[in-house]
Amino acid sequence: MAHLAVVQSLIAQQSAPPPGAGMTQVLFLGLMFAAMYFLMIAPQRKKQKQHEAMLKAIAAGDEIVTAGGVFGQVVSVKEDRLVVRIAENTRVELGRSFVSTVTKKADSATK
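Remember, it's a predicted structure, so these values are computed and weren't measured experimentally.

A. View of the packing of aromatic side chains. All told, the structure shown has one aromatic pair when counted by the stated rule. Between Y37 and F38 the ring centres are 5.4 Å apart and the planes differ by 80°, which places this aromatic pair in the edge-to-face class. Take Y37: its relative accessible area is 29%, and that puts it in the partly exposed class.

Following this line, the structure appears as structure tokens:
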């Protein structure tokens, strides 16, 4: 019985956290979250805003590439979609969100 009491007291002493350990863990987690935000979340949000600005700036005459890899020239712009010429006498309506990149702006093509 005496051995059991000694073992229990040793376990109790070992499992007690040192003073201030909880604050250190909270600080560490906060620093990890801040690092994750600045390394992953902020650049992704910036890229998303740039893509949205590009989509809003699309005009007739721009050459685009869709998310599926189809190249085409914007014929007309509607509120939520674009009419794109992908071949002679072939036009398709495409949702704005499916535009991946603008390869050539209309005003730069005339220069």
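B. The arrangement of the environment of S76 in detail. Among the structural elements, S76 can be located in strand β2 (residues 71–77). When the C-alpha positions of S76 and D62 are compared, they lie 9.8 Å apart, and in sequence the two are 14 residues distant. Setting aside residues up to four positions removed in sequence, S76 forms contacts with L82 and V83.

C. The arrangement of the environment of V75 in detail. Tracing the backbone shows V75 in strand β2. Look at V75 and you get partly exposed, because its relative accessible area is 31%. A sequence separation of 13 residues divides V75 from D62, and the C-alpha atoms of the two residues are 8.2 Å apart. Those residues in contact with V75, other than ones at most four positions away along the chain, are A60, V83, V84, R85 and R91.

D. Examining helix α2 (residues 21–56) more closely. The terminal C-alpha atoms of α2, which comprises 36 residues, lie 51 Å apart, in line with the 52 Å expected from a rise of 1.5 Å per residue. Remark: the principal bend of α2, roughly 40°, maps to Y37.

E. Quick peek at the pattern of salt bridges. Within this structure, the stated rule accounts for four salt bridges. One salt bridge connects E93 with K78, and the closest N-O pair in it is separated by 3.1 Å. Linking E93 in strand β4 (residues 90–95) with K78 in the loop between β2 and β3 (81–87), this pair joins segments that are 15 residues apart in sequence. E93 is paired through a salt bridge with R81; the nearest N and O atoms lie 3.4 Å apart. You can see E93 sitting in strand β4 and its partner R81 sitting in strand β3, a full 12 residues away along the chain. A relative accessible area of 46% places E93 in the partly exposed class. Among the ionic contacts, a cluster of salt bridges with common partners joins K78, D80, R81 and E93.

What counts as what
Residues numbered from 1 in each chain as written. Predicted model: local features only at pLDDT ≥ 70, side-chain atom pairs only at ≥ 80, totals over all residues. Heavy atoms only, no water. Phe/Tyr/Trp six-rings, centres within 6.5 Å; stacked < 30°, edge-to-face > 60°. Buried < 20%, exposed > 50% of the residue type's maximum accessible area, 1.4 Å probe, protein only. Helix = DSSP H or I, 4+ residues; strand = E, 2+ residues; numbered from the N terminus. Contact = heavy atoms within 4.5 Å. Expected span 1.5 Å × (residues − 1). Bend = angle between axes of the 7 residues up to and from the residue. Salt bridge = Lys/Arg side-chain N within 4 Å of Asp/Glu carboxyl O.

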